[in-house]
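Observations on chain architecture
What follows is each chain in one-letter form.
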Amino acid sequence: MAWSRTWLALLVVTAVFLRWSPHYGPGLLVLPVVTTGAALLVALTQRRRARRGVHGIRAERLTADPVGPILLTALTIAVGAAGIGFVIAAP
Amino acid sequence: MGQVSQQRASPGPPEGEQPPVDGRGRLARLLLPGGEEPDPRVTLANERTFLAWIRTAMALLAGGIALEAFAVDVFDEPARKAVAVMLIALGMLVSGGAFVRWVGVERAAREHQPIPVPLIAPVLGLGGALGAVVVGYYILRG
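The paragraphs below set out a description of the structure included in this document. (Residues numbered from 1 in each chain as written. Chains lettered and ligands numbered in written order. Predicted model: local features only at pLDDT ≥ 70, side-chain atom pairs only at ≥ 80, totals over all residues. Heavy atoms only, no water.)

1. Description of the interface of chain B and chain A
The partner chain A presents 38 residues to the 42 residues of chain B that form the contact. Surface buried jointly by chain B and chain A totals about 3,700 Å² across both partners, of which 76% is contributed by carbon and sulfur atoms. Here chain B is connected to chain A by 1 salt bridge. A salt bridge links Arg 41 of chain B to Glu 60 of chain A; its shortest N-O distance comes to 3.2 Å. For the pair chain B and chain A, the number of links is 5 residue pairs in polar contact (both at pLDDT 80 or more). (Contact = heavy atoms within 4.5 Å. Buried area = accessible area lost by both parts, 1.4 Å probe. Salt bridge = Lys/Arg side-chain N within 4 Å of Asp/Glu carboxyl O. Polar contact = N/O pair within 3.5 Å; in protein donor to acceptor, adjacent residues only side chain to side chain.)

Listed below in structure tokens is the structure:
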């Protein structure tokens, strides 16, 4: 559920970015494409994560995987940096 | 279960020797060295908390972007840009802080230490309050 809410939040960010596209042209579309891709990646790997969590609880052993947190943090910071750039460059 | 209990009960390697490979990836061993695997529920709860912070960060990003995109008539341009940049920067800060906290909590759990205080919570509170005051001022001023 937490991951589902996260990819939904990514789609909301995508929709807000699309609002900018008439003003900045096709270059801006990179951002919604990246956030949509990330949302799809999160959604498509959902089942694997859930299965891993269930197995971890049953076995009483689950190793923390830092890849997901690192990628999400990097994505959010990169999208934020691009957003600041677009805000400053806005007419 | 029995095997896991034995692994947990076994003492660590003698000083100067390489620790045994524990099945974790290189990145996990680099970020979360030492200690032992905590209760899986703690790891999963930590991940859920991290995701909640990330969604908060995304809401701040979307709010900053929306302010610039939708509220053109409400604000003076410098104020609008300043608040939008502040909200987005706050979102980036919350995002980075969320990762630092995820690592801190996971390390504390591995070492059986108390969970660290969330430092991003007061930052988020102050930043959110400041943004709300500025936005409220401009909306009430008409």
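2. A look at the side chain of Thr 35 of chain A
All names here are of chain A. Along the chain, Thr 35 falls in helix 2 (residues 30-44). A polar atom in the side chain of Thr 35 sits 2.7 Å from the side chain of Thr 14. Once residues within four sequence positions are removed from consideration, Thr 35 is found in contact with Leu 10, Val 13, Thr 14 and Val 79. (Helix = DSSP H or I, 4+ residues; strand = E, 2+ residues; numbered from the N terminus.)

3. Overview of a nonpolar patch on the surface
On the surface, Val 67 and Leu 71 of chain A together with Leu 27 and Leu 30 of chain B cluster together into a nonpolar patch covering about 370 Å² of accessible area. Elements that contribute at least two residues to the nonpolar patch include exactly helix 4 (67-89) of chain A together with helix 2 (26-31) of chain B. Considering the arrangement of structural elements, one finds Leu 71 of chain A in helix 4. (Patch = residues over 30% accessible without salt bridge, like charges linked within 9 Å, V, L, I, M, F, W, Y side chains within 5 Å. Areas by Shrake-Rupley, 256 points an atom, 1.4 Å probe, with all protein chains shown as cover.)

4. Observations regarding helix 4 of chain A
Between the first and last C-alpha of helix 4 of chain A there are 33 Å, a value that for 23 residues agrees with the 33 Å anticipated at 1.5 Å per step. Along helix 4 of chain A, the residues that are buried comprise Pro 69, Leu 72, Thr 73, Leu 75, Thr 76, Val 79, Gly 80, Gly 83, Ile 84, Phe 86 and Val 87 of chain A. In this structure, the buried side of helix 4 of chain A is in contact with helix 1 (2-24) and helix 2 of chain A together with helix 3 (40-70) and helix 4 (77-110) of chain B. (Expected span 1.5 Å × (residues − 1). Buried < 20%, exposed > 50% of the residue type's maximum accessible area, 1.4 Å probe, protein only.)

5. A word on the nonpolar core
Judged by nonpolar contacts, the single largest core of 51 residues is most densely connected at Phe 17, Trp 20 and Leu 72 of chain A together with Phe 50, Met 58, Ile 88 and Trp 102 of chain B. Of all the secondary-structure elements, those providing two or more residues to this core are helix 1, helix 2 and helix 4 of chain A together with helix 3, helix 4 and helix 5 (120-141) of chain B. At 13 residues, the largest contribution of residues to this core is made by helix 3 of chain B. (Core = buried A, V, L, I, M, F, W, Y, C linked by side-chain atoms within 4.5 Å.)

6. Side note on the packing of aromatic side chains
Considering all chains together, one arrives at 2 aromatic pairs over all chains under this definition. Ring geometry for Phe 99 of chain B against Trp 102 of chain B: centres 6.1 Å apart, planes inclined by 20°, an arrangement best described as stacked. Here Phe 99 of chain B pairs with Trp 102 of chain B, and both are found in helix 4, just 3 residues apart, close to one helical turn. Comparing Phe 99 of chain B with Trp 102 of chain B, the two get one shared label, buried. Centre to centre, the rings of Tyr 137 of chain B and Tyr 138 of chain B are 5.3 Å apart; their planes meet at 85°, and the pair counts as edge-to-face. Note on Tyr 137 of chain B: relative accessible area 48%, which makes it partly exposed. The aromatic ring of Trp 3 of chain A is capped on one face by Arg 49 of chain A, whose charged end is 4.0 Å from the ring centroid. (Phe/Tyr/Trp six-rings, centres within 6.5 Å; stacked < 30°, edge-to-face > 60°. Lys NZ or Arg CZ within 6 Å of the ring centre and 35° of its normal.)

7. Notes on the pattern of salt bridges
The full count for this structure, using the stated rule, is 7 salt bridges over all chains. Across the pair Arg 80 of chain B and Glu 68 of chain B runs a salt bridge whose closest N-O atoms are separated by 3.3 Å. Residue Arg 80 of chain B is found in helix 4, and its partner Glu 68 of chain B is found in helix 3; the two are separated by 12 residues along the sequence. The exposure class assigned to Arg 80 of chain B is buried, which follows from its relative accessible area of 5%. The class of Glu 68 of chain B is buried, set by a relative accessible area of 6%. Residues Glu 68 of chain B and Lys 81 of chain B are paired through a salt bridge, measuring 3.8 Å at the closest nitrogen-oxygen approach. With Glu 68 of chain B in helix 3 and Lys 81 of chain B in helix 4, this residue pair connects regions lying 13 residues apart in the sequence. Residue classification places Lys 81 of chain B among the buried residues on the basis of a relative accessible area of 15%. The network of salt bridges with common partners includes Glu 60 of chain A together with Asp 39 and Arg 41 of chain B.

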